[in-house]
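Structural features, examined
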Amino acid sequence: MNPYYFASIALILIGLYAVLTKRNVLKILVGLSIMETGVNLLLISVGYVSGRSAPILSEGITPDRAVDPIPQALVLTAIVIGVATTAMALSVVINLYERYKTLNVEEIRRLRG
Amino acid sequence: MSQYASLLIALPLFGAFFIPILKRTSKNAVMPFLVLVTLIQTGIAAWVFNEVYTTGKPIIVLAGGFKPPVGINLYIGHFAALFVLVIALASFLMAVFSLRAVSIEPKDKYAMLFLLLMLGATGMISTGDIFNLFVFMEITAISAYALTAYNKTGEASEAALKYIVLGGIGSSFFLVGVALIYGSLGTLNMAHIAELAHLVNPTVAKAGLALLIFGLAVEAEQFPLNAWAPDAYQEAPHPVTAMFSAFVVKASLYAMGRVIYILSAVEGWDSILRLLIILGTLTVIIGEMSALRQSNVKRMFAYSSIAQVGLIAVGLALGTQAGLSASVFHMFNHAIVKALMFLAVGYVALELGGAEISKFEGLGKKMPITAFAITVGAVSIIGIPLFNVFWSKVQLILAALNAQYTWVVALILGASLVEATYYIRLIHAMWFKGEGEKVKESNVLALVMLLLVALIIVIGIYPEPFWNAMQKAGSDIFDVAQYVKNVPLLGVNP
């Protein structure tokens, strides 16, 4: 077992806790970002092999001396997607604050039933 | 020749990014351009459908000519060919509706997001790689968030916020599932995963699969993660609501079915099917019960949609080919019926200023064609014979009996009973209550509605040719060995 797994799962759970219990919309979004970071760390650690270098071919570095490059490519994509989601969410929150004058999720509930 | 199928992905993408340039020259050309692009997409999809169904062979597009698992492939088999056509056609009809329904600026942003939503759903259905599936899922999700918030009212933003939070949790779960599967098998290609599935540690595979299902369940509106759906359906622009129900949900359900069946060689796989059956059953019960007490018709249809999606998930999880085919048939029928109903309700809300049930009183006198369309849709979804949904419900019941899930029969019949209660209430309000002046109905929209009504009745009377196509589509998901054989894997096929 790789110690990074525990760290990443801890980050995911901390993020999930924040999303589920916090009242402030911005704190919920911070929780989502923490979750995404945890997931990205998990993906990276799946491909990590202790003692090997980054997957860039240069002098003395052959494919069997580098870590797995695929998870790193995946994480780059996932980070970009995460940034897009966060930007989208923040712009929605700006509009929400203008209409409701509050960021408390308990007060943002006109849609019910 | 078959490489041209990649235009299904390329055309909406180029179309979407051409819109800002187009806007600079002429602002009024944006919406007609949207209709044009979706029309061309329908043409390509019809060609692909014809190609796949006449040759009987799937179209496989290799990105950059690299063989999988090194390269990424698109897999357009019987299922994907059929549903790409459904997506393109529904998008085209909704683009026509958008000409009238969307009046708030910025229309160019609307058109871009519309095309990206269509692109995402098409990609989810045709990709052959689980990480690519994630990327297309996020394209769909982000454009869906933005379109939900498009009306810029407080309620629309609230609905979008709920959707974003749930979608964010779902996509994180999905990625953890991808990480588990990649960590244990070292591959992301679906065919390669299916080939290696018997080697994987069952606990890891089951955990990964459950996480993938929970990730997809947000878009597929399965029970614990569907709280966003009624709000978003109520507040999104009317054509977008129809698109959510007609194909965004279906694309996620298909993806769910595909990831489940490619791992069918895993030991103890049945427990995942049982998980999905439980989720689906709860979805049906909660959807129907909530639909019963809605006063906003758009919201009522949203809950009804959730219930139907639950039935589809139950069909997917029966674990037999008949169950899958019935489920695909129900997806197809539901896409047609809900496209019609959300179109009609959106049109009523546009003309009469709201979708509360009180606005529907006397609709039979005010807007007879629209009221007729809603009536046909309602009667069909209850499951009256000679309308299309009857046949898919019958097939679902037969498949459940064959798979020895007798209580599913009770679930389907009970759900139909509850549906009958609230749809008959609506029909009663439309035809037997209230008075009103006749409103002039738009000819184009009346034509679109009558076209969909005709399709519902044709399938209701001649179900056999459609059922044959659905069986092929169902076996496309079920027959994993054939799926693996079709994909030219590196080092496996010559």
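Here we summarise the structure given alongside this text.

Definitions and cut-offs
- Residues numbered from 1 in each chain as written.
- Chains lettered and ligands numbered in written order.
- Predicted model: local features only at pLDDT ≥ 70, side-chain atom pairs only at ≥ 80, totals over all residues.
- Heavy atoms only, no water.
- Contact = heavy atoms within 4.5 Å.
- Buried area = accessible area lost by both parts, 1.4 Å probe.
- Salt bridge = Lys/Arg side-chain N within 4 Å of Asp/Glu carboxyl O.
- Polar contact = N/O pair within 3.5 Å; in protein donor to acceptor, adjacent residues only side chain to side chain.
- Helix = DSSP H or I, 4+ residues; strand = E, 2+ residues; numbered from the N terminus.
- Nonpolar A, V, L, I, M, F, W, Y, C, P; charged D, E, K, R; others polar.
- Axes fitted to C-alpha atoms, helices over the stretch in contact; angles between N-to-C directions.
- Parallel < 35°, antiparallel > 145°, perpendicular 65-115°, else oblique.
- Phe/Tyr/Trp six-rings, centres within 6.5 Å; stacked < 30°, edge-to-face > 60°.
- Lys NZ or Arg CZ within 6 Å of the ring centre and 35° of its normal.

This next bit is on the interface of chain B and chain A. Bring the parts together and some accessible area is lost; that lost area is often taken as the interface size. Taken residue by residue, the interface counts 37 residues in chain B and 36 residues in chain A. Taken together, both faces of the contact between chain B and chain A bury some 3,000 Å²; the carbon and sulfur share is 77%. When the buried surface of chain B facing chain A is broken down by residue, Glu158(B), Leu161(B) and Tyr182(B) rank first, second and third, together holding 20% of it. Applying the counting rule to chain B against chain A returns zero salt bridges. Our count for the contact surface shared by chain B and chain A stands at four residue pairs in polar contact (both at pLDDT 80 or more). Elements with a minimum of two residues in the side of chain B that touches chain A: α5 (130–148), α6 (154–185), α9 (228–235) and α12 (297–316) of chain B. When residues in the side of chain B that touches chain A are grouped by element, the largest group, 19 residues, is from α6(B). Taken together, the residues of the side of chain B that touches chain A break down into 20 nonpolar, eight polar and nine charged.

Take the packing of helix α2 (residues 25–46) of chain A against α6(B) next. Interaxial distance between α2(A) and α6(B) falls to 9 Å at its minimum, and their mutual angle equals 10 degrees. Relative to α6(B), the element α2(A) is oriented roughly parallel. Residue-level contacts link Val25(A), Ile28(A), Leu32(A), Met35(A), Glu36(A), Val39(A), Asn40(A), Leu42(A), Leu43(A) and Val46(A) of α2(A) to Leu161(B), Ile164(B), Val165(B), Gly168(B), Ile169(B), Ser172(B), Phe173(B), Leu175(B), Val176(B), Ala179(B), Tyr182(B) and Gly183(B) of α6(B). By residue class, the composition of the contact of α2(A) with α6(B) is 17 nonpolar, four polar and one charged.

Okay, the packing of aromatic side chains next. Residue and element names in this part refer to chain B. On inspection of all chains with the given rule, the structure shows 25 aromatic pairs over all chains. An angle of 10 degrees between the planes, with centres 4.3 Å apart, marks the rings of Phe-79 and Tyr-254 as stacked. Here Tyr-254 lies in helix α10 (residues 238–262) and Phe-79 lies in helix α3 (residues 78–101), a separation of 175 residues in the sequence. One aromatic cluster is present, formed by Tyr-145, Tyr-163, Trp-228, Tyr-233, Phe-244, Phe-301, Phe-342, Tyr-422 and Tyr-423 through successive ring pairs. The ring of Tyr-483 has Arg-258 sitting right over it, with the charged end atom 4.2 Å from the ring centre.

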